[in-house]
Amino acid sequence: MLKLGVIGTGWISSSFVEAALLTKQYDIDAVYSRTLAGAVSFTEDWDHVAVYNELGEFFQHDLDVIYIASPNSLHFEHAKLAIEAGHNVIVEKPAFSNPKELAEIIALAESKGKLFFEAARNIHEDAYKKIKDFLADKEVIGADFTYSKYSSKMPALLEGKKLPNKFNKAFSGGLLADLGVYMLYGSVYWFGKPDSAYYNAVVLPSGVDLSGVGCLDYGNYKVAVKNAGNFNSYLPSEIYTTTGTLVLDAISEIKSAKFIDLEGNEEKLVCKPAKHNLYDEAVDFAGILNDPAGQQAAYQELMDYALAVAETSYKMRERAGIVYDAD
Ligand SMILES: NC(=O)c1ccc[n+]([C@@H]2O[C@H](COP(=O)([O-])OP(=O)(O)OC[C@H]3O[C@@H](n4cnc5c(N)ncnc54)[C@H](OP(=O)(O)O)[C@@H]3O)[C@@H](O)[C@H]2O)c1
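Residues numbered from 1 in each chain as written. Predicted model: local features only at pLDDT ≥ 70, side-chain atom pairs only at ≥ 80, totals over all residues. Heavy atoms only, no water.

Per an unreviewed UniProt entry, the recorded name for the chain is NAD(P)-dependent oxidoreductase, and the organism is Lactococcus termiticola.

Below you can see the structure in the form of structure tokens.
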């Protein structure tokens, strides 16, 4: 059993703990919150979980891995302190504000013999692997990815009293760093790292993007990416090949994928639904944590994806003139 610690007590942390426990490979052992009351309330559903409001004390707890789901800009400091204290870390996406921070954490983890994971859940889905296998004998000539969802933080943004962390550049917010990450991971996982990337964004007065349209440039083909936090989109995503089009109902939590060839014949890809939307990543991380030497290649692959995504996202932000405090 992996002894799990948690930093940050938002709904995503509860959701990750739920998924981790479902895998039967983790125990929840300790939680850090800025307030003890916050930590106590977070742990209501589980017995014997230690609660902390001092990071230094939390890091002294005997843990196998710490899941970090604080606001984006705090991931770096939290991960750095955790690794220096001798812990492996799973960091929510986007793991860090920029590729420089990511490279520093990867190097630190390596020097301390610790593991770092970015919790980019979509590439761990069964459908992602199925699609990769399906595309293996096809020539990709383009793709169109879309992920727009009316944010639960929109009312607070519109009210204008307190800027939500999600739309704050001090917290490395914005849509590309939120929903955009899933599309960048999809593209990097299926097609590799793009040669270049562009982003045309609707930038809020706070300095981060509320929505935007991007292009990932693979030389002889392009991948369009669209994300927004102020409306819902019901469009599917598509991958174009020389022999037909693969239609995905979504770019994250894919439930259906069908290939329509040039004559209009349809072939359905069977995608196994996950027990929980964070279950597959929790299983993959546990596999590597339990056997780091045997899983070295799988770990390196995850690092390569993380670096490619961070570099692409940074390039896109630069093009859109979005500069974080952390940059
Ligand atoms: N994989 C997914 O599906 C998914 C979904 C949603 C979010 N996320 C990621 O999860 C992370 C957290 O997102 P979120 O929406 O939960 O963020 P959030 O509500 O802004 O903050 C998360 C937690 O961090 C702590 N926190 C909040 N403001 C803070 C501050 N100013 N200083 C220090 N700590 C603070 C709070 O915990 P305490 O009060 O206990 O300290 C809070 O519950 C982000 O990186 C986000 O991108 C991932």
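Moving on from the coordinates now.
Caption draft 1: Spotlight on the pairing of strand 7 (residues 140–148). Counted residue by residue, strand 7 has seven buried out of nine residues, so it is predominantly covered. Two elements, strand 7 and strand 11 (residues 237–241), share four bridges in a ladder whose sense is antiparallel. Its bridge partner lying in strand 11, D144 is registered against E238. The sheet contact formed by strand 7 and strand 10 (residues 222–228) spans six bridges and is parallel. Bridge pairing in strand 10 links T146 to K226. (Buried < 20%, exposed > 50% of the residue type's maximum accessible area, 1.4 Å probe, protein only. Helix = DSSP H or I, 4+ residues; strand = E, 2+ residues; numbered from the N terminus. Pairing = 2+ DSSP bridges.)

Caption draft 2: The site of the ligand, seen in detail. Around the ligand sit 20 residues, and of these T9, S33, N72, K93 and N165 come closest. Contact distances for the ligand include 2.5 Å between an oxygen atom and a side-chain N or O atom of T9. Across the complex, the protein chains shield 78% of the 910 Å² of accessible surface that the ligand would expose by itself. Looking at the shell around the ligand, its residues break down into eight nonpolar, eight polar and four charged. Residues from two domains meet in the shell around the ligand; each of domain 1 (2–122 + 280–295) and domain 2 (124–277 + 307–320) gives at least three. (Near = heavy atom within 4 Å. Polar contact = N/O pair within 3.5 Å; in protein donor to acceptor, adjacent residues only side chain to side chain. Areas by Shrake-Rupley, 256 points an atom, 1.4 Å probe, with all protein chains shown as cover. Nonpolar A, V, L, I, M, F, W, Y, C, P; charged D, E, K, R; others polar. Domains from an automatic or database assignment.)

Caption draft 3: Here's a closer look at the domain arrangement of the chain. Domain assignment breaks the chain into domain 1 (2–122 + 280–295) and domain 2 (124–277 + 307–320). With 23 residues of domain 1 in contact, the opposing surface of domain 2 contributes 29 residues. R121 is the salt-bridge partner of E253, the closest N and O atoms lying 3.1 Å from each other. In this assembly, domain 1 and domain 2 are joined by 18 residue pairs in polar contact (both at pLDDT 80 or more). Of all the secondary structure elements, the ones that give two or more residues to the side of domain 1 that touches domain 2 are helix 1 (11–22), helix 5 (99–112) and helix 9 (279–290). Classifying every residue of the side of domain 1 that touches domain 2 by side-chain character gives ten nonpolar, six polar and seven charged. (Contact = heavy atoms within 4.5 Å. Salt bridge = Lys/Arg side-chain N within 4 Å of Asp/Glu carboxyl O.)

Caption draft 4: Here's a closer look at the sheet that holds strand 12 (residues 244–248). One open sheet accounts for eight strands, arranged 8-9-10-7-11-12-13-14; its pairing is mixed. The two strands at the open ends of the sheet, each matched to only one other strand, are strand 8 (196–203) and strand 14 (266–269). On average, each strand axis in the sheet is inclined to that of its neighbour by 15°, with strand direction left out of account. Sheet analysis places strand 8 next to strand 9 (residues 209–217), joined by eight bridges and oriented antiparallel. Pairing of N200 across the sheet is with V213, part of strand 9. Running over the sheet, helix 10 (residues 296–320) touches strand 8, strand 9 and strand 10 and is turned about 50° from strand 8. (Axes fitted to C-alpha atoms, helices over the stretch in contact; angles between N-to-C directions.)

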